[in-house]
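Overview (structure and organization)
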Amino acid sequence: AQTVTQSQPEMSVQEAETVTLSCTYDTSENNYYLFWYKQPPSRQMILVIRQEAYKQQNATENRFSVNFQKAAKSFSLKISDSQLGDTAMYFCAFTSGGGADGLTFGKGTHLIIQP
Amino acid sequence: DGGITQSPKYLFRKEGQNVTLSCEQNLNHDAMYWYRQDPGQGLRLIYYSQIVNDFQKGDIAEGYSVSREKKESFPLTVTSAQKNPTAFYLCASSVPGQGAFGYTFGSGTRLTVV
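One structure accompanies this document, and this report is about it. Just so we're clear, the structure is a prediction, and the values are computed from it rather than from any experiment.

What follows concerns the interface of chain A and chain B. Between chain A and chain B, the contact holds 21 residues from the first and 22 residues from the second. Summed over both partners, the interface of chain A with chain B comes to about 1,800 Å²; 52% of that surface belongs to carbon and sulfur atoms. Broken down residue by residue, the surface that chain A buries against chain B is led by R43(A), A100(A) and K107(A), which jointly contribute 28%. Across the chain A-chain B interface, the total number found is zero salt bridges. Where the side of chain A that touches chain B is concerned, the elements lending two or more residues are β5 (32-39), β6 (46-52) and β10 (88-96) of chain A. For the side of chain A that touches chain B, the per-class residue count stands at nine nonpolar, eight polar and four charged.

Structure representation (structure tokens):
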């Protein structure tokens, strides 16, 4: 079974700073995908970024980027120039194969951006 | 616009009652999922269905039941056998084989036992 671990229950940074959220996972699969989801106070789940395990290049979406270390089974999220609207719960998630069997989530990191 | 509709947004249940949470999607997705979210626990998979009239248990299926009679609908029943049903419930969908591109989530139902 796959497991996803987020070791930072809560983080707080000042607006405009850069912050990195950590995620490690455990799997014996070779074909898998990793995700970061954002859950703001509205509780709507929003896909932030995704990474295919077979790609060495780290994914980037505007201010969001990942550091994917396959051998170490690490998948951290970096948020640059943080904004007040980035305040939310952030969940790291994993799925294998075509993703039909559902996502496995970490317990989340509550990120607070201070003005 | 296409999306997932969960209803009701808030639901209150008395001890010993069964309740059903609704999940409807108009995305033409074959695969649908139910997750439970508790504080500090992340999201945990309850049941999922990849095709009409078929579904599989997730990690925490005990005390729950589902049906999938239509492609658009995947209702979740929380039975009296569920010992601690108070939680936030999220429904999601994806295209089979393309779940790797991400899932679409509904806005959730908050269930409280009173």
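So, about the nonpolar core. Core analysis: the largest hydrophobic core is formed by 26 residues, its most contacted members being L21(A), Y25(A), W36(A), F75(A), L77(A), Y90(A) and L111(A). When contributions to this core are tallied by element, the ones reaching two or more residues are β2 (10-14), β3 (19-21), β5, β6, β8 (64-69), β9 (74-79), β10 and β12 (109-114) of chain A. It is β10(A) that contributes the most residues to this core, four residues altogether. Core analysis: the next-biggest nonpolar cluster, separate from the first, contains 20 residues, L11(B), V19(B), V66(B) and V78(B) among them.

All names here are of chain A. If you walk through the whole model with that rule in mind, you get two disulfides over all chains. In this model, C23 is linked to C92 through a disulfide, with the two sulfur atoms separated by 2.0 Å. On the sign convention where negative means left-handed, the S-S torsion of about -70° between C23 and C92 marks this disulfide as left-handed. Highlighted residues: C23 in the loop between β3 and β4 (24-26) and C92 in strand β10, separated in sequence by 69 residues. Residue C23 shares its accessibility class with C92, and that shared class is buried.

What counts, and where the lines are drawn
Residues numbered from 1 in each chain as written. Chains lettered and ligands numbered in written order. Predicted model: local features only at pLDDT ≥ 70, side-chain atom pairs only at ≥ 80, totals over all residues. Heavy atoms only, no water. Contact = heavy atoms within 4.5 Å. Buried area = accessible area lost by both parts, 1.4 Å probe. Salt bridge = Lys/Arg side-chain N within 4 Å of Asp/Glu carboxyl O. Helix = DSSP H or I, 4+ residues; strand = E, 2+ residues; numbered from the N terminus. Nonpolar A, V, L, I, M, F, W, Y, C, P; charged D, E, K, R; others polar. Core = buried A, V, L, I, M, F, W, Y, C linked by side-chain atoms within 4.5 Å. Buried < 20%, exposed > 50% of the residue type's maximum accessible area, 1.4 Å probe, protein only. Disulfide = S-S within 2.5 Å.

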